[in-house]
Amino acid sequence: THTRLGLIYGESDMGQLFVYDRLLPEPEICNFKKEIALIWKQVSHGECIKIYGMRNFGKTSIIKNVIAPRWEKSHSQKRVVFYADLYSVETSDDLSSELTRAFNEALSTKKNLLSKATDWLGALKKIRPTWQPTSDGLGEFSFRTDKNEAVVDYTVVLQNIKALSESGQFEFLVIFDEFQEIGKIPKAQARLRGVLQEMPNQTPIVILGSKHHLLRKIFEDPRAPFHSWGSTIELNYIPYEEYRFYLNERLQKVGKSIDEEPSRHLQDKLGRIPEAINRIADFIGSDEATQKEITPQLIDQKLSEYLELSQSNYSVLFSNFSQNERIILQTIARNNGVEKILNKKFLAEVMISKSGVENLIKRLLDESALYRIMDDSQTYRYVIADPIFGLYLRKYKNLK
């Protein structure tokens, strides 16, 4: 279900001035200082926390490149970071496979503990360690079930994290990225909640999520297993001036600058999404032919150039949506976001039944093609998740 949105950019790229298409090193993370301090405080105390924020807002960068290294470094001999990315899981087998991979990878980094395996082997339950020789001579370490199966049930993986923690040999930081995807797996929420609540009190558990409509079902429904689980930290829009300072820090390396009005124009054009802003700011700043002072007019010109260069890629992305999905996306893009998708005006524009629109919107939200956001006026709006794709739709696929 995620392949359509993965087509667009191809190989990872990093500009000379701004980082995008990859995790941000700590110095490249704009703002979020208060949020990072709060996350670190709660992780240090072994708490359970969930971090919300749209995709490409920097959640994973903060956790993997700031919090996890800091946590591990403070007691490196015993501390292990367990990171599982659930973005592509759709079945229980997928979930087990990802948690098995994460467990193998986490412990493989701890050569000092592996050399002392006799001290903690007795703590393992329903699994056994294996070692395979490799061409580099280092070998490959992994765990298998007691029936010699390569994939371990996800609850067994977590039970062994609990057992190893209680052995005193290990201290785990447990991280689940894109956690909302477990909502599509039958019984996964109840099974995960059951084993997570048995973790030692000193084991911090961090959940990251980007699809608010799915996260609400998991954490806010009184009937759901994870109802009221953990404390919540939300990554909201970065203040305009903070981002302008961040932009100028990098643009000044090539003798360019951006003032308040054009900076706000750039940020608004790109939905205030950090990844998109960095991508276009790098495209502008790296062009030696552009003027030193960046203006709104220059921004619009360079956006048009970028869309022209990327048109074929976005056309491929657009072609992977159904006809009715395209109509929904085009209409939302043309209106620069829509508040009410079931009123007469919107239904007349798309000429799709109310039930059809409801189903299409749900599907597009689930696939992260759309976001439902709250703007500065505290009003919810449906917007195109990738703001550059939204600009492409407005320029090349306008229905009127």
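It should be emphasised that the depicted structure is a prediction, and the values quoted were computed from it without experimental measurement. (Residues numbered from 1 in each chain as written. Predicted model: local features only at pLDDT ≥ 70, side-chain atom pairs only at ≥ 80, totals over all residues. Heavy atoms only, no water.)

A.B. asks: Is there a simple way to explain the overall build of the chain in this structure?
C.D. replies: Along the backbone of the chain there are 15 helices and 11 strands. Relative to the compact-globule value of 21 Å for 400 residues, the chain shows a C-alpha radius of gyration of 23 Å, a close match. Across its three principal directions, the C-alpha atoms of the chain cover 70 × 55 × 40 Å. Here the chain, with 400 residues, has 52% of them falling under the buried criterion. When contacts within the chain are restricted to residue pairs at least 6 apart in sequence, long-range pairs at least 24 apart make up 71% of them. (Helix = DSSP H or I, 4+ residues; strand = E, 2+ residues; numbered from the N terminus. Rg over C-alpha atoms; globule rule 2.2 N^0.38 Å. Buried < 20%, exposed > 50% of the residue type's maximum accessible area, 1.4 Å probe, protein only. Contact = heavy atoms within 4.5 Å.)

A.B. asks: Could you clarify how one ought to interpret the pattern of salt bridges in this entry?
C.D. replies: Counted according to the given criterion, the structure contains 23 salt bridges. Notably, a salt bridge pairs Asp-221 with Arg-223, separated by 3.2 Å at the nearest N-O pair. Members of the salt-bridge network, linked through shared partners, are Asp-21, Glu-275 and Arg-279. (Salt bridge = Lys/Arg side-chain N within 4 Å of Asp/Glu carboxyl O.)

A.B. asks: I tried to follow the packing of helix α3 (residues 92-108) against helix α5 (residues 154-166) on my own but got confused; where do I start?
C.D. replies: The angle between the axes and the distance between the axes are what describe a pair of packed helices. At a closest axis distance of 8 Å, the pairing of α3 and α5 adopts a crossing angle of 30 degrees. Considering their axes alone, α3 and α5 lie roughly parallel with respect to each other. Residues Ser-92, Leu-95, Ser-96, Leu-99, Thr-100, Phe-103 and Leu-107 of α3 lie in contact with α5, whose contacting residues are Tyr-154, Val-157, Leu-158, Asn-160, Ile-161 and Leu-164. Its residues placed into classes, the contact of α3 with α5 shows nine nonpolar, four polar and no charged. (Axes fitted to C-alpha atoms, helices over the stretch in contact; angles between N-to-C directions. Parallel < 35°, antiparallel > 145°, perpendicular 65-115°, else oblique. Nonpolar A, V, L, I, M, F, W, Y, C, P; charged D, E, K, R; others polar.)

A.B. asks: Honestly, the side chain of Thr-331 in this entry has me stumped. Any pointers?
C.D. replies: Positionally, Thr-331 belongs in helix α12 (residues 323-334). With a relative accessible area of 0%, Thr-331 lands in the buried category. Looking at Thr-331, its side chain comes within polar contact range of the main-chain oxygen of Ile-327, at 2.7 Å. (Polar contact = N/O pair within 3.5 Å; in protein donor to acceptor, adjacent residues only side chain to side chain.)

A.B. asks: What is the right way to read the packing of aromatic side chains from this model?
C.D. replies: To describe a pair of aromatic rings, you give the distance between the ring centres and the angle between the ring planes. Applying the stated criterion to the full structure yields 20 aromatic pairs. Between the aromatic rings of Tyr-243 and Tyr-246, the centroid separation amounts to 5.2 Å while the plane-to-plane angle is 70 degrees, which identifies the pairing as edge-to-face. Taken together, the positions of Tyr-243 and Tyr-246, both in helix α8 (residues 240-251) and three residues apart, correspond to about one turn of that helix. Site record: aromatic cluster; members linked through ring pairs are Tyr-52, Phe-82, Phe-176, Phe-179, Phe-219, Phe-226 and Trp-229. The ring of Phe-219 carries the charged tip of Lys-50 above its face, separated from the ring centre by 5.1 Å. (Phe/Tyr/Trp six-rings, centres within 6.5 Å; stacked < 30°, edge-to-face > 60°. Lys NZ or Arg CZ within 6 Å of the ring centre and 35° of its normal.)

A.B. asks: Sorry, what's going on with empty space enclosed by the protein here?
C.D. replies: Over the atoms, a rolling probe the size of a water molecule traces out where space has been left empty. Under the defined criterion, the tally for this structure stands at one cavity of 30 Å³ or more. Put simply, the largest cavity is a space of about 40 Å³. Lining the largest cavity are Leu-247, Leu-251, Ile-258, Leu-266, Ala-281, Ile-284, Gly-285 and Ile-294. When contributions to the lining of the largest cavity are tallied by element, the ones reaching two or more residues are α8 and α10 (274-285). The element contributing the most residues to the lining of the largest cavity is α10, with three residues. (1 Å grid on protein atoms, 1.4 Å probe; cavity = no way out; pocket = protein on both sides within 12 Å on 5 of 7 lines; lining within 4 Å. Points joined across faces, edges and corners; volume = space filled by probe spheres on them.)

A.B. asks: Help me understand the confidence of the model for the chain in this model?
C.D. replies: Detailed conclusions should not be drawn from predicted coordinates in areas where pLDDT is low. Averaged over the chain, the pLDDT score is 90; the fraction of residues at 70 or greater is 92%. Of all the helices and strands in the chain, helix α4 (residues 111-114) carries the lowest mean pLDDT, 65, while helix α9 (residues 260-269) carries the highest, 98. Under a pLDDT of 50 for its full length, residues 1-7 has, in the predicted model, 23 contacts with residues more than four places off or in other chains. (pLDDT = per-residue confidence, 0-100.)

A.B. asks: Would you mind going over the layout of surface pockets with me for this structure?
C.D. replies: Taken as a whole, the second largest pocket spans an internal volume of roughly 550 Å³. Residue lining of the second largest pocket: 26 residues in total, with Asp-268, Gly-271, Asn-336, Arg-381 and Val-383 positioned closest to the centre. Elements with a contribution of two residues or more to the lining of the second largest pocket: α9, α12, β10 (370-374), β11 (380-384) and α15 (387-396). It is α15 that provides the largest number of residues to the lining of the second largest pocket, a total of four residues. Across the lining of the second largest pocket, the residue classes break down as 13 nonpolar, five polar and eight charged.

A.B. asks: Which parts of the structure should I look at to understand the environment of Lys-269?
C.D. replies: Among the structural elements, Lys-269 can be located in helix α9. Measuring from C-alpha to C-alpha, the distance between Lys-269 and Gly-168 comes to 52 Å, with 101 residues separating the pair along the chain. If we ignore the near neighbours within four places in the chain, the residues touching Lys-269 are Asp-300, Leu-303, Pro-387 and Leu-391.

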